[in-house]
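Structure at a glance
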Amino acid sequence: MLKVFDVMSSPVITADVLDSVSKAALIMEKNKIGGLPVLDERKQLCGIITSRDVRRVHHNRIVADAMSKNVVHVNKYTTLWDAKSILEEKKLERLPVLEGCKLVGIITRTDILVKIGRHTDPLTGLMTGSYIRYLAENILKAGNELTVIFFDLNGFGLINKKHGHVYGDRCLKIVGQIFTENTSGGLYFPGRYAGDEFIVVTTEKKDDAGLWANEIIKKIVNITKKKGMPVNIAAGVAGGRRKNARMEIHLSATVDDLINSASLASTLSKQYCVPVTFSN
Amino acid sequence: MFNLKSGNSNDTGRKAQISIILSEFEIPPIQDVLLIGKKAPVGPEAVQRMIDVLSPEQYEIIKVNEGPFEAVVIRNSLSLLITRDKLLNIILDEGCKIASETAVLKAQVNIVLNINVEVDL
């Protein structure tokens, strides 16, 4: 998962609590930024001053008399999605980033949206395959179990040919939405791999992952049927049965192997008309 | 007074006059009450630091959102004669009539207690 420290600006340009407002304004203008975290005499974060605050008060004032106190901040290990939610909920533009009590960076709404946008599939709203691969490598790097589930829509080419690509896109959107709605617990991470293929990675064991995949397939079949766009989907599961720690240098190759195995297993599911097949 | 001599050979006799007024610096400089406007050149945090240095523990800063004012500084000793809220209401009522958001007003408050006691002879 992308964390705040992957995106934040560091080191941070700050203002001192006893600086004049005009000095803070000058720093903002010189650095072309819209806000400054404010540090007190102990160099601890005590406020934030924005260009809006500067416009609101007399320039002779000290920063302490213009800044917003009770600053909303995040830890450097907060996920980008959590940081985005905080910004939206509190209607803020930037968040100072702390490590313990120390200010280590600042992150803006634009930084987050650009980074998330780069890894988001515009049609389904799911993460891209490349991001899920990155996530899978990180799961392995952290020494966790990794299971890959590969989903493939059955006969999607025919759907496109029969009903047109706009209809096909609507189907994909619905499927993407079902994945999003059923992965909010933080155990399963879904992405659109390519075309009509979806990938989910998890730290759950393969048997649990298989059960989860079965449930998702049932939901997809039922919901798309109800919406008048019936689709069938097959899944393959790989990994999730690790006994020994992996060598870090092979992480990328391991992820490739697992994706490939899960993909082949999903092909077998299609061939034998079963919802889920486990890779050997 | 001293003469300013220009290097010009055509001296026109220009002079500068300096007058100096010496007076005692008031400690504390804010008398009894200070009313701080929302857009005043000095804010309550700066005043707090000033009184902490110049007159520690003698004043209280009360944040308000009344008319043009952001904060009121009141000398603690006044609260011995009249309750803080009563005094605050009177001061804000009067201050609101004359001040703008950019103003910093200082006020001298004299409280005279009239006491009549009847005793048996």
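What counts as what
Residues numbered from 1 in each chain as written. Chains lettered and ligands numbered in written order. Predicted model: local features only at pLDDT ≥ 70, side-chain atom pairs only at ≥ 80, totals over all residues. Heavy atoms only, no water. Phe/Tyr/Trp six-rings, centres within 6.5 Å; stacked < 30°, edge-to-face > 60°. Helix = DSSP H or I, 4+ residues; strand = E, 2+ residues; numbered from the N terminus. Buried < 20%, exposed > 50% of the residue type's maximum accessible area, 1.4 Å probe, protein only. Lys NZ or Arg CZ within 6 Å of the ring centre and 35° of its normal. Axes fitted to C-alpha atoms, helices over the stretch in contact; angles between N-to-C directions. Parallel < 35°, antiparallel > 145°, perpendicular 65-115°, else oblique. Left-handed = near helix turned anticlockwise from the far one by under 90°. Contact = heavy atoms within 4.5 Å. Nonpolar A, V, L, I, M, F, W, Y, C, P; charged D, E, K, R; others polar. Pairing = 2+ DSSP bridges. 1 Å grid on protein atoms, 1.4 Å probe; cavity = no way out; pocket = protein on both sides within 12 Å on 5 of 7 lines; lining within 4 Å. Points joined across faces, edges and corners; volume = space filled by probe spheres on them.

1. Re the packing of aromatic side chains
Each aromatic ring pair is specified by the distance between its two centres and by the angle formed by the two planes. All names here are of chain A. According to the stated counting rule, one finds 8 aromatic pairs over all chains in the structure shown. Considering the side-chain rings of Tyr 131 and Tyr 134, the 5.6 Å spacing of their centres and the 40° angle between planes classify their relative orientation as tilted. On the criterion of helical spacing, the pair formed by Tyr 131 and Tyr 134 is a turn pair, its members being 3 residues apart in helix α6 (residues 129-141). According to the relative accessible area criterion, Tyr 134 is partly exposed, its value standing at 32%. Between Phe 151 and Phe 179, the ring centres sit 4.9 Å apart and the planes meet at 70°, which makes this aromatic pair edge-to-face. Note that Phe 151 is positioned in strand β8 (residues 147-153) and Phe 179 in helix α8 (residues 165-181), a separation of 28 residues in sequence. Accessibility classification places Phe 151 together with Phe 179 in one group, the buried group. Through a chain of ring-to-ring contacts, three or more aromatic side chains come together here, namely Phe 151, Phe 179, Tyr 188, Phe 198 and Trp 212. For the cation-ring pair, Lys 76 lies above Phe 5, with the distance from its terminal atom to the ring centre recorded as 5.6 Å.

2. A closer look at the packing of helix α4 (residues 80-90) of chain A against helix α5 (residues 109-118) of chain A
Residue and element names in this part refer to chain A. Running from N to C, α4 and α5 cross one another at 135°; their axes reach a closest spacing of 10 Å. Accordingly, the angle class assigned to the pair α4 and α5 is oblique. As for the relative orientation of α4 and α5, their crossing is left-handed in sense. Where α4 abuts α5, its residues Leu 80, Trp 81, Ala 83, Lys 84, Leu 87 and Glu 88 lie against Arg 109, Ile 112, Leu 113, Lys 115 and Ile 116. In terms of residue class, the contact of α4 with α5 is built from 7 nonpolar, no polar and 4 charged.

3. Looking at the pairing of strand β5 (residues 94-99) of chain A
All names here are of chain A. With 5 of its 6 residues buried, β5 lies for the most part within the structure. Bridging between strand β4 (residues 74-75) and β5 involves 2 bridges; their strand directions are parallel. Across the sheet, residue Asn 75 finds its bridge partner in β5, namely Leu 98. Strand direction decides the pairing type here: β5 and strand β6 (residues 102-108), joined by 6 bridges, are antiparallel. Residue pairing for β6: Arg 94 is matched across the bridge by Thr 108. What sits between the antiparallel neighbours β5 and β6 is a turn of 2 residues, in which Gly 100 has the positive phi angle 70°.

4. Description of the layout of surface pockets
All names here are of chain A. Considering only enclosed or pocket space, the second largest pocket measures out at about 300 Å³ in volume. For the second largest pocket, the lining is made up of 14 residues, of which Ile 48, Thr 50, Leu 92, Glu 93 and Arg 94 are closest to its centre. Of all the secondary-structure elements, those providing two or more residues to the lining of the second largest pocket are β3 (45-50) and α3 (51-56). Broken down by element, the lining of the second largest pocket gets its largest block of residues, 3 residues, from α3. Per-class residue counts for the lining of the second largest pocket are 4 nonpolar, 4 polar and 6 charged.

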